[in-house]
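A look at the structure
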Amino acid sequence: MDFYKILLSAHKGFGYLELLLVALFIIALLATMFGFSGKVNKFLKKTTLFTMIFFHVQFLAGIILLLVSPGVKAAMSAGTLMSDSYSRFQYVEHPFSMLIAAVLMTIVNKKVKSNDTISLAVVIMGLIAVGLFAFAFPWARVFGA
């Protein structure tokens, strides 16, 4: 098995774990937001930290896949990178959306770690990061369509 297939399998496998972590993050974020005191608890801190870590791991694995992928080279040489919707999503929209989501999760983690209470701006930033993740996640390829 070559390096590309191993990394692709790891990227796909960690995707399932990332889905679980994102679901836990949303539950923790909304429970804290709608909680009586709005105080940041350990569960929110840990889910935010692990979600951010796995966002970064997934992003780094994805960037390496993008750099060694034969598909992006073929699409660029054929001139169909932006005109083909599959290539555009796979090689442009997916990486950039995940980059922005990872940056936003880093900011959310910093704010959650350093503040005792959660603000609406942090909640909105976290929900935007999850929204970008949901947009860029290849649902059809992972769960079949």
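Residues numbered from 1 in each chain as written. Predicted model: local features only at pLDDT ≥ 70, side-chain atom pairs only at ≥ 80, totals over all residues. Heavy atoms only, no water.

**Here's the deal with the UniProt feature "transmembrane region" (unreviewed entry) in the protein chain**
Under the UniProt annotation, "transmembrane region" (unreviewed entry) lies at residues 14-36, 48-69 and 120-140. Secondary structure within residues 48-69 divides into 95% helix and 0% strand; the distance between the first and last C-alpha atoms comes to 31 Å. Counting secondary structure, residues 120-140 comes out at 90% helix and 0% strand; the distance between its end C-alpha atoms is 32 Å. (UniProt positions renumbered as here; feature names shortened; annotations may be inferred. Helix = DSSP H or I, 4+ residues; strand = E, 2+ residues; numbered from the N terminus.)

**Details of the nonpolar core**
Membership of the largest hydrophobic core comes to 25 residues, with the highest contact counts inside it found for L44, F55, I118 and F133. When residues of this core are traced back to their parent elements, those giving at least two are α1 (3-33), α2 (42-68), α4 (85-114) and α5 (120-136). Per element, the largest residue contribution to this core is seven residues, and it comes from α4. If we ignore the near neighbours within four places in the chain, the residues touching L44 are A28, L29, T32, V112 and I118. If you look at the next biggest cluster of nonpolar residues, it comprises five residues, including V72, A75, L81 and V92. (Core = buried A, V, L, I, M, F, W, Y, C linked by side-chain atoms within 4.5 Å. Buried < 20%, exposed > 50% of the residue type's maximum accessible area, 1.4 Å probe, protein only. Contact = heavy atoms within 4.5 Å.)

**What about the packing of aromatic side chains?**
Summed over all chains, the structure comprises five aromatic pairs. The interplanar angle of 50 degrees and the centroid separation of 5.5 Å between the aromatic rings of F133 and F137 together place this pair among those described as tilted. Take F133 and F137: they sit in the same class, and that class is buried. The rings of F55, F133, F137 and W139 are connected pair by pair, giving a single aromatic cluster. (Phe/Tyr/Trp six-rings, centres within 6.5 Å; stacked < 30°, edge-to-face > 60°.)

**Some details on the pattern of salt bridges**
Overall, the coordinates contain one salt bridge when judged by the stated rule. For E93, the salt bridge goes to R88, with nearest N and O atoms at 3.3 Å. (Salt bridge = Lys/Arg side-chain N within 4 Å of Asp/Glu carboxyl O.)

**Here's the deal with the side chain of T32**
For T32, the location among the structural elements is in helix α1. Among the residues examined, T32 registers a relative accessible area of 4% and is labelled buried. If we ignore the near neighbours within four places in the chain, the residues touching T32 are G38, K39, V40, N41, L44 and I118.

**A few points about the packing of α2 against α4**
A pair of packed helices is captured by two measures, namely the crossing angle of their axes and the spacing between those axes. With their axes 9 Å apart at the nearest point, α2 and α4 run at an angle of 155 degrees to one another. Classified by the interaxial angle, the pair formed by α2 and α4 is roughly antiparallel. Every pair of crossing elements has a handedness; the one defined by α2 and α4 is left-handed. The segment α2 lies against α4, with L44, K45, T48, L49, T51, M52, F55, H56, F59 and L66 engaging Y91, P95, M98, L99, A101, A102, M105, T106, V108, N109, V112 and K113. (Axes fitted to C-alpha atoms, helices over the stretch in contact; angles between N-to-C directions. Parallel < 35°, antiparallel > 145°, perpendicular 65-115°, else oblique. Left-handed = near helix turned anticlockwise from the far one by under 90°.)

**Details of the environment of N109**
Position of N109 relative to the elements: it lies in helix α4. We classify N109 as buried; its relative accessible area is 7%. Separated by 94 residues in the primary sequence, N109 and G15 have C-alpha atoms spaced 20 Å apart.

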